[in-house]
Amino acid sequence: MTPPPATSHAVTGLHGRTALVTGAAGGIGRACALLLATAGAKVRAVDLDADGLSDLAARATGLAGVVEPHVLDLTDLDAAEDAAAGTDILVNNAGLQHVSPLEDFPPDVFHTVLTVMLEAPFRLIRGALPHMYGQGWGRIVNISSVHGLRASAYKAAYVAAKHGLEGLSKTAALEGAPHGVTSNCVNPGYVRTPLVEKQLADQARVHGLPEERVLAEILLKDSAVKRLVEPEEVAGAVAYLCGPAAAFVTGTSLVLDGGWTAH
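Residues numbered from 1 in each chain as written. Predicted model: local features only at pLDDT ≥ 70, side-chain atom pairs only at ≥ 80, totals over all residues. Heavy atoms only, no water.

Draft legend 1. View of the overall build of the protein chain. For the protein chain, the helix and strand inventory stands at eight helices and seven strands. Taken along its principal axes, the extent of the C-alpha atoms in the protein chain is 55 × 40 × 40 Å. Here the protein chain displays about 11,500 Å² of accessible surface, and carbon together with sulfur accounts for 58% of that area. Counting 19 positive and 27 negative side-chain charges, the protein chain places the averaged centre of each group 6 Å from the other. (Helix = DSSP H or I, 4+ residues; strand = E, 2+ residues; numbered from the N terminus. Areas by Shrake-Rupley, 256 points an atom, 1.4 Å probe, with all protein chains shown as cover. Lys, Arg positive; Asp, Glu negative; His and termini not counted. Charge placed at Lys NZ, Arg CZ, Asp CG, Glu CD.)

Draft legend 2. Expanded view of the layout of surface pockets. Taken as a whole, the largest pocket encloses approximately 770 Å³ of empty space. Secondary-structure elements contributing two or more residues to the lining of the largest pocket are α1 (27-38), β2 (42-47), α5 (156-176) and α6 (194-207). With five residues, α6 is the largest single contributor of residues to the lining of the largest pocket. In terms of residue class, the lining of the largest pocket is built from 18 nonpolar, 14 polar and four charged. (1 Å grid on protein atoms, 1.4 Å probe; cavity = no way out; pocket = protein on both sides within 12 Å on 5 of 7 lines; lining within 4 Å. Points joined across faces, edges and corners; volume = space filled by probe spheres on them. Nonpolar A, V, L, I, M, F, W, Y, C, P; charged D, E, K, R; others polar.)

Draft legend 3. Quick peek at the packing of α1 against helix α8 (residues 231-242). Axis separation between α1 and α8 bottoms out at 8 Å; the angle between their running directions is 50 degrees. When the axes of α1 and α8 are compared, the pair comes out oblique. Where α1 crosses over α8, the handedness of that crossing is right-handed. Every residue of α8 that contacts α1 at Gly 27, Ile 28, Ala 31, Cys 32, Leu 35 and Leu 36 is listed here: Pro 231, Glu 232, Val 234, Ala 235, Gly 236, Val 238, Ala 239 and Cys 242. (Axes fitted to C-alpha atoms, helices over the stretch in contact; angles between N-to-C directions. Parallel < 35°, antiparallel > 145°, perpendicular 65-115°, else oblique. Left-handed = near helix turned anticlockwise from the far one by under 90°. Contact = heavy atoms within 4.5 Å.)

Draft legend 4. Broad picture of the pattern of salt bridges. Counting across every chain of the model gives ten salt bridges. Close ionic contact of Asp 55 with Arg 30 constitutes a salt bridge, the shortest N to O distance being 2.6 Å. Here Asp 55, found in helix α2 (residues 50-59), pairs with Arg 30, found in helix α1; they are 25 residues apart in sequence, far enough to count as distant. With a closest N to O distance of 3.2 Å, Lys 221 and Asp 222 form a salt bridge. (Salt bridge = Lys/Arg side-chain N within 4 Å of Asp/Glu carboxyl O.)

Draft legend 5. Spotlight on the sheet that holds strand β7 (residues 253-256). Judged by pairing direction, the sheet is parallel, and its seven strands sit side by side in the order β3-β2-β1-β4-β5-β6-β7 without closing on themselves. Edge positions in the sheet fall to β3 (66-71) and β7, since each has one partner strand and no second. Each strand axis lies, on average, 15 degrees off the axis of its neighbour in the sheet, ignoring direction. With respect to the sheet, α2 is in contact with β2 and β3, its orientation differing from that of β3 by roughly 170 degrees. Against the sheet, α5 contacts β5 (138-143), β6 (181-188) and β7, and its axis sits at roughly 155 degrees relative to β6. (Pairing = 2+ DSSP bridges.)

Draft legend 6. Representation of the state of the cysteines in the model. Tallied over the full model, the rule gives zero disulfides. Between Cys 32, a cysteine without a disulfide, and Cys 242, which holds the nearest cysteine sulfur, the sulfur-to-sulfur distance is 8.5 Å. Assessed through its relative accessible area of 1%, Cys 32 is described here as buried. (Disulfide = S-S within 2.5 Å. Buried < 20%, exposed > 50% of the residue type's maximum accessible area, 1.4 Å probe, protein only.)

Take a look at the structure:
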């Protein structure tokens, strides 16, 4: 199925807000950073990829808001927590993937995935909450996945991290509600990003199949809509959760999976 044409999002109302987006140099994070800046936010764009961040900042020239690049390794948990201070909107997006059977899964990779995708979001939330609580308003959006709701073989660390992120997000929602802070997950299926392109290659190796068959027969097998999700579609969901129409939406998961979880 052909992807929908790119559309402009009529997103406004974030002037004066500071947003922090992790994994902002590419894919979903890049789309989120640009859309939040379009809505007027000052966006702290966090990533390890300095060149990608510089390109992102250049792309944001002329938008209603601004993108400020911050090169940061999220395995430095103290630095991650410090970076979130003063944040009105926190988008926990950064992630990595490794495809391997459990018996061969490298323990150090498992540890790194859980650190970046679960412990770092905890520390970022922890760093952001004092400011959010103090002003009586905040938005936490955790980029989860259909794998936060369903498991797939060979992805032990990613599935474990996303399931943990779902629980962390709900806990933040319960604690944050009396302070005007919402916390939600966005759960896309497979998104057109470099991470998914790498998964295609990894799954092709594991299953001994060409990449086009991996896409059709494995990645999109359970999706009723037979295409990849576009990063801009995920960013639109994030922007919705940050806007006034979603003020009563908290502690839940906004699923963009093409019908995967309808089974």
